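# Chains, contacts and geometry: an overview
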Amino acid sequence: MNTRAAKVLAILGPYRSLVRTTLMRATLMLMTAVALSASVTIAQSQPAKMFDVYVIDVEGGNATLFVSPSGESLLMDTGNVPPGAVRDAGRIMAAVKDAGLKQIDHLIITHWHGDHFGGLAELAPQIPVREFIDHGPNVQPGQAADDFLQKMYPQLIADAKHTVAKPGDKIRMGSVDVTVVTSAGELIKAMPGAGGPNSYCANFKPGENNAEDPQSVGIFITYGKFRTAHLGDLTKNKEFELMCPNNRLGSVDVLLGLHHGQASSNSPVLVHALHPRVAIMNDGTRKGGEPETMQTVHSSPGLEDLWQLHFSLLSGQEYTQPGMFIANTVDDPQPAMPIAPLPPPQAGPGTPPPPAHNGTAYWIKLARLTKKHPEPIKFLSHGANAPRPIKRHCRRVAIGSMMRESRRAGDQV
Ligand SMILES: [Zn+2]
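Reading guide: rules and limits
Residues numbered from 1 in each chain as written. Predicted model: local features only at pLDDT ≥ 70, side-chain atom pairs only at ≥ 80, totals over all residues. Helix = DSSP H or I, 4+ residues; strand = E, 2+ residues; numbered from the N terminus. Buried ≥ 20, exposed ≤ 12 C-beta atoms within 10 Å, placed from the backbone. Contact = placed C-beta atoms within 7 Å. Core = buried A, V, L, I, M, F, W, Y, C linked by C-beta atoms within 7 Å. Pairing = 2+ DSSP bridges.

Now for the overall build of the protein. Helix and strand counts for the protein come out as 10 helices and 17 strands. Buried residues in the protein amount to 49% of all 413 residues. Put simply, 74% of the contacts in the protein that link residues at least 6 apart link residues at least 24 apart.

Put into structure tokens, the structure is as follows:
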């Protein structure tokens, strides 16, 4: 048995202990076995690894894991502060284990908001982190971030490399080329081949922003001909600087994150000009996905699919994606969905909590495409290797064929 087959089979062990006697779980178990046998066949016939991306559900925070074919890893953010930190660190570790990682080579904390650095104190004892990357000091004073930066972060980075990111920096990931394009409000001059005029600039409408979101460390990734970008929580006004009058990034196949789908980001000068084929939104049950963002994304030229980590109450029936493009709902789903979008809640004390989703979570994984296993985006359940059954029927997204095109073109990917 080769190592990949062994790794896939090893997942069955911990998963088996989770299986209870309900019919649903028994069904999942059966599907796991089917998936495992398919995976083993694939492992034997196609041992070559590819670039994997896990978009992990941390309930409207961010945690995105990139794994190069040679096994180098980059984690972007660590989910929420307590009380969500244990849950979110656990979900990140499930993806880390699925990827077979023994360490995180590079960890980017995009900015000092609690939905981005929040799970780090819980995560760090569970897996070594070799390099910490951030934008520098917090510019938006707040108790949680200030306490963390004074008491916890210096200890965490003491035994690791610490890098304050600058635009143009490269993050070593083997055949996966990772470039820092934004950090601390500074912007890359232009990605190679980019820098042409952006026709969407004339209609730009400025937005509001807090101090830290525009500081986000943003990255642009090239793997063969496949391109993707994740700009943290970069807001509209900074998007304008980055993309106008000239588009400094070019285009992408997949746009990741989208600031949880919030309307303070995602201007057409960014989304439309990047011309993504697929967008994957790290939204929450009541965070992001509001009509303005959904209109922009849905009307983006060339968009094939929008995928969401969560059903959002803010989309309403008019703008929500069909459920087969949404990885997660809530622990206690209602039999009927709201027709009108709910307004985003005001931040601060007195805000009622969002609908709970602390049970099983599904990540969205961009993974290899094979003839026998052709779903290029898969919903995989937390801690198991079982595709969520309903998602087996989802429309096939083009990411796999993007990868295949790259390979056909003779790239060493
Ligand atoms: Zn955020």
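Let us now look at the nonpolar core. One recurring pattern in soluble globular proteins: nonpolar side chains tend to sit buried together. Counting 85 residues, the largest nonpolar core has Val55, Ile56, Ala229, Leu255 and Ile280 as its most contacted members. Per-element accounting of this core gives the leading share, six residues, to helix α3 (residues 85–98).

Quick look at unusual backbone geometry now. Glycine aside, a negative phi is what most residues show, and trans is what most peptide bonds show. A cis geometry characterises the amide bond from Pro82 onward to Pro83, with omega recorded as 10°. For the bond running from Cys244 to Pro245, omega is -5°, close enough to zero to count as cis. On the secondary structure map, Pro245 appears in the loop between α6 (236–243) and β12 (254–257). Notably, Glu59 is not glycine yet its phi reads approximately 55°, a positive angle. Locating Glu59 in the fold gives a position in the loop between β1 (52–55) and β2 (64–67). For His260, which is not glycine, the phi torsion reads 65° and is therefore positive. Secondary-structure assignment places His260 in the loop between β12 and α7 (268–274).

Now for the pairing of strand β8 (residues 177–183). Of all seven residues in β8, five are buried; the element is thus mostly enclosed. Connecting strand β7 (residues 170–171) to the next strand, β8, in antiparallel fashion are five residues, including Gly174 with a positive phi near 60°. Pairing between β8 and strand β10 (residues 218–223): five bridges, direction antiparallel. In the sheet register, Thr182 faces β10, and the bridge partner there is Gly218. Where β8 folds back on strand β9 (residues 186–187), the antiparallel hairpin that results is connected by two residues, among which Ala184 adopts a positive phi of roughly 55°.

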